[in-house]
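Per-entry structural report
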Amino acid sequence: MAGEGEGVKLLGTVVSPFAVRVRMALHLKGVSYEDLEQDLFDKGELLLASNPVHKKVPVLIHAGRPVCESLAIVEYVDEVWAGAASLLPADPYDRAVARFWAAYVDDKVVHAMLAILRATTKEERAERLDAALAAVKPLEDAFDACSGGKAFFAGDSVGYLDVALGCHLFWFEALREMFGVTVVDAGRTPRLAAWAGRFLETETAKKAASPIESIVEYAGKLRAIWAAMAAAAK
Ligand SMILES: N[C@@H](CCC(=O)N[C@@H](CS)C(=O)NCC(=O)O)C(=O)O
């Protein structure tokens, strides 16, 4: 196994929630790394060679070897830098539950968020916001069982599921700025809203945060590309 102290590089972008997730894990574990900002509209050789299957960020390069997929990277970081507090729960059942919800976030919540961004009319966006609120509701319902009534999904401090969901809060905020929609809503999901407030106050969230204006700019570019593709397909 590669040594803990050997060179760590992160191929990411400042706006990628999945890269933010990895930055959060590295911060929690106290790992120093080099952040290599990628241009996703003009992918570089290192990214293509490091993640030839999906060609996506983030990729963590540790001692020259690439690790792909943000949740796999978080688990890798957790295992390699085992000296710092564990991100995943110690109990196998709790670990399985945390992994289940993290996969749920990346499937249902991310899908719902992108659907809002892709909407082309106000009506479509309103419908998709309802779907997004329905997608986050099960996480609201799971919060007490996961947290044991404590501040974070992982208990007294931030852990695996906190970073799995928390990395998306900056995009939620960008959607609010762009379209006035609120995905984690204090009225409908009060526990999640309170959790989000606490999470954003942590040093980890502050250190890894994406600037909202950069997300808005990037999201605008994506929407322009999708609109051009739709027009070309007509
Ligand atoms: N499941 C992947 C998702 C990564 C992902 O979607 N990355 C986006 C940026 S947020 C990307 O690299 N997109 C470039 C592309 O699709 O070509 C993970 O968790 O790492």
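Residues numbered from 1 in each chain as written. Predicted model: local features only at pLDDT ≥ 70, side-chain atom pairs only at ≥ 80, totals over all residues. Heavy atoms only, no water.

**Quick look at the side chain of T204**
Note the following rule: Numbering of helices and strands runs from the N terminus; a helix is a DSSP stretch of H or I covering at least four residues, while a strand is a stretch of E covering at least two. Only protein chains enter the accessibility calculation, which uses a 1.4 Å probe. A residue is then buried if its area is under 20% of the maximum for its type, exposed if over 50%, and partly exposed in between. By the convention used here, residues are in contact when the closest approach between their heavy atoms is within 4.5 Å.
Positionally, T204 belongs in helix α9 (residues 203-208). On the accessibility criterion, T204 (6% relative accessible area) is buried. Once residues lying within four places of it in the same chain are set aside, the contact partners of T204 are M24, H27 and L28.

**Considering the UniProt feature "domain: GST C-terminal" (unreviewed entry) in the chain**
Rule in force here: UniProt positions are given in the numbering used here, feature names are shortened, and annotations may be inferred rather than shown by experiment.
Taking the numbering used here, the UniProt-annotated feature "domain: GST C-terminal" (unreviewed entry) corresponds to residues 91-222. Counting secondary structure, residues 91-222 comes out at 75% helix and 0% strand; the distance between its end C-alpha atoms is 41 Å.

**Side note on the layout of surface pockets**
Formally: Definitions used throughout: a 1 Å grid over protein atoms alone; a cavity as a set of points that fits a 1.4 Å probe which cannot get out; a pocket as an open set with protein on both sides within 12 Å along at least five of seven lines; a lining residue as one with an atom within 4 Å of a point. Grid points are joined across faces, edges and corners, and a volume is the space filled by probe spheres set on the points. Domains are outlined according to an automatic or database domain assignment. Each residue receives one of three labels: charged for Asp, Glu, Lys and Arg, nonpolar for Ala, Val, Leu, Ile, Met, Phe, Trp, Tyr, Cys and Pro, and polar for the others, Gly being one of them.
Of the pockets and cavities examined, the largest pocket occupies roughly 900 Å³. F18, K56, V57, L114 and Y218 are, among the 31 residues lining the largest pocket, the residues nearest its centre. Contributions of two or more residues to the lining of the largest pocket are made by α1 (17-29), α3 (70-80), α4 (92-118) and α10 (212-233). The residue makeup of the lining of the largest pocket includes at least three contributed by each of domain 1 (8-80) and domain 2 (92-216). The computed volume of the second largest pocket comes to approximately 290 Å³. If you trace the second largest pocket, you find 20 residues lining it, with P89, D94, A145, C146 and F153 closest to the centre. For the lining of the second largest pocket, the secondary structure elements donating two or more residues are α4, α5 (122-147) and α6 (160-166). Its residues assigned to classes, the lining of the second largest pocket comprises 14 nonpolar, 4 polar and 2 charged.

**Examining the pattern of salt bridges**
Pairs can form between side chains of opposite charge whenever their charged atoms are close. What counts is decided by this rule: Salt bridges, as used here, are contacts in which a Lys or Arg side-chain nitrogen is within 4 Å of a carboxyl oxygen on Asp or Glu.
Within this structure, the stated rule accounts for 13 salt bridges. Of the charged contacts, one joins K29 and D78 as a salt bridge, the two residues approaching to 2.8 Å between their closest N and O atoms. You can see K29 sitting in helix α1 and its partner D78 sitting in helix α3, a full 49 residues away along the chain. A residue is classified by how much of its surface remains accessible, and D78, at 8% relative accessible area, is buried. Here E201 makes a salt bridge to K206, at a shortest N to O gap of 3.4 Å. Of the residues examined, E201 reaches a relative accessible area of 54% and is grouped as exposed. Residue K206 is classed as partly exposed on the basis of its relative accessible area of 47%. When salt bridges with common partners are traced through the structure, they connect E140, D144 and R191 into a single cluster.

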